[in-house]
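An overview of the molecular structure
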There are 2 protein chains.
Amino acid sequence: MSQAVPKHDVYQAIADPTRRKLLGLLSDKEMPVKEITGHFSMTRTAVSKHLRILEEAGLVRDRKVGRETRYRLDAEPLKELKDWLAYFDRFWENKLSMLRYYVEEQQEDPSDNDK
Amino acid sequence: MSQAVPKHDVYQAIADPTRRKLLGLLSDKEMPVKEITGHFSMTRTAVSKHLRILEEAGLVRDRKVGRETRYRLDAEPLKELKDWLAYFDRFWENKLSMLRYYVEEQQEDPSDNDK
DNA sequence: GAATTAGGAAACCATTTGGTTTCATATTGA
DNA sequence: TCAATATGAAACCAAATGGTTTCCTAATTC
């Protein structure tokens, strides 16, 4: 029974470009902090903090190997995002619903000054 | 030639739960600010600011009708998110790659103290 | 035309965020 | 054992974020 409620959610976690890049990096392979830091132009401490946030969102796991801490991706929490996104599929994949929407709009409001 | 570089990107826009709720609301139908505000427990001004951020990310459009401003969803920018997400599909939909990963890990490093 | 209604703009505020530097601790390696 | 290495923790800081209140303008309605 570790942490039931994550302190950072996945939406927040991926909001930062550095963290998105981190996820990409760690999807290739497990990496210790020092190697990870080499891919960024910020201090090791800053990278470490981003890793913590990803970890709190469950997107990354770490294990100690000797004196280094290796991080790797855990993509599972991205499911939530995918599910959320799926709801909006009909709004751009199915253009028909959009079209119907606009037609109704024109009819119900003749004072339309949109254009 | 309006704004080539949006001030807020879609990742940032959906990071806030209020804004995600807004997108859900506006997917049903176009709505004026006052009606939208009724669905939240914050001031109209605060809601208005969230709408602005969504608009800057291209996720929402507005049109003036009389004295009211009606907002509606534009889901198109969510494609970017969907594309980004797609890259990670193999990491949880195809469990084989994950399995292979763990096996290699055990072999190459006997000092594993993960558990 | 005066009062009401819808909404944006500006100033302000507390908290969060993304970064830094500095210090402490554990593991190696000579 | 002692120096070097890898990392985390803590204190600090500027800027961004999410809210509020107060004021202004444009439509609407009586």
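Before any of the text, the structure's been laid out above.
Throughout what follows, the structure given in this document is the object of discussion. What you see is a predicted model, and the numbers here were worked out from it, not measured in a lab. (Residues numbered from 1 in each chain as written. Chains lettered and ligands numbered in written order. Predicted model: local features only at pLDDT ≥ 70, side-chain atom pairs only at ≥ 80, totals over all residues. Heavy atoms only, no water.)

Looking at the sheet that holds strand β2 (residues 60-65) of chain B
All names here are of chain B. One open sheet accounts for three strands, arranged β1-β3-β2; its pairing is antiparallel. At either end of the open sheet lies a strand with only one pairing partner, and these are β1 (31-32) and β2. Strands β1, β2 and β3 (68-73) of the sheet are contacted by helix α2 (residues 17-28), whose axis makes an angle of about 95° with β3. Packing of helix α4 (residues 44-56) onto the sheet brings it into contact with β2 and β3, and relative to β2 it is tilted by some 120°. (Pairing = 2+ DSSP bridges. Helix = DSSP H or I, 4+ residues; strand = E, 2+ residues; numbered from the N terminus. Contact = heavy atoms within 4.5 Å. Axes fitted to C-alpha atoms, helices over the stretch in contact; angles between N-to-C directions.)

Details of the protein's contact with DNA strand C
Lining the immediate environment of DNA strand C, one finds 23 residues, of which Q12(A), T43(A), K49(A), H50(A) and S48(B) sit closest. Each atom of DNA strand C within 4 Å of the protein was classed as base or backbone; sugar and phosphate made up 64%. Taking Q12(A), its side chain carries an N or O atom lying 2.4 Å from a phosphate oxygen of DNA strand C. Here a base oxygen of DNA strand C and a side-chain polar atom of K49(A) are 2.3 Å apart. Among the elements of the structure, α4 (44-56) of chain A together with α3 (33-37), α4 and β3 of chain B are those that each provide at least two residues to the surface near DNA strand C. The element that contributes the greatest number of residues to the surface near DNA strand C is α4(B), accounting for five residues. In terms of residue class, the surface near DNA strand C is built from five nonpolar, eight polar and 10 charged. (Near = heavy atom within 4 Å. Polar contact = N/O pair within 3.5 Å; in protein donor to acceptor, adjacent residues only side chain to side chain. Nonpolar A, V, L, I, M, F, W, Y, C, P; charged D, E, K, R; others polar.)

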